Amino acid sequence: MTQSEHVLRMADLRRSCSVLLDEAERRFGDEVDLSELPVDYYWSLDLAAAFDMSKAPTQLDCGQVSDDVAEIGALVRRTPEDAIALWHDLDHLAGVLRLLAHLDLPR
């Protein structure tokens, strides 16, 4: 790896999210009706444990897509003065993004 491959550029992340979300919208439409999906709950690994490679994780948690979507909805309704907890909000966003990845799995 070159040194430039060890840098996360927010502009690259923003652009990749835009490209991928545009494609997801093309494939699934501008709304995904959660009530029509055969999934809601999913396995989740504690965020701290996921990045601690010194020991194997001892516990799986359960996430819920409908909760993730509700949290994303609440996020976009917040005022600029409201606090943002990146660890919390990004984890909910990750759950929604994993749902889109799941929906696109080859069947």
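Scroll up for the structure.
Just so you know, these numbers come straight off a predicted model, no measurement behind them.

Visitor: If you had to explain the packing of helix H1 (residues 10-28) against helix H4 (residues 86-103) to someone new, which residues and values would you point to?
Guide: Following both chains from N to C, one finds H1 and H4 inclined at 50°, their axes separated by 11 Å at the closest point. Between H1 and H4, the interaxial angle falls into the category oblique. Regarding H1 and H4, the two cross each other, and that crossing is left-handed. Side by side, H1 and H4 meet where Leu 21, Ala 24 and Phe 28 of the first sit next to Leu 97, Leu 100 and Leu 103 of the second. Taken together, the residues that form the contact of H1 with H4 break down as six nonpolar, no polar and no charged.

Visitor: Pulling in residues and values, what's your account of H1?
Guide: For H1, with 19 residues, the first-to-last C-alpha span of 26 Å sits near the 27 Å given by 1.5 Å per residue. Directly beyond the C-terminal end of H1, a positive phi value near 90° is found at Gly 29.

So, how was this worked out
Residues numbered from 1 in each chain as written. Predicted model: local features only at pLDDT ≥ 70, side-chain atom pairs only at ≥ 80, totals over all residues. Heavy atoms only, no water. Axes fitted to C-alpha atoms, helices over the stretch in contact; angles between N-to-C directions. Helix = DSSP H or I, 4+ residues; strand = E, 2+ residues; numbered from the N terminus. Parallel < 35°, antiparallel > 145°, perpendicular 65-115°, else oblique. Left-handed = near helix turned anticlockwise from the far one by under 90°. Contact = heavy atoms within 4.5 Å. Nonpolar A, V, L, I, M, F, W, Y, C, P; charged D, E, K, R; others polar. Expected span 1.5 Å × (residues − 1).

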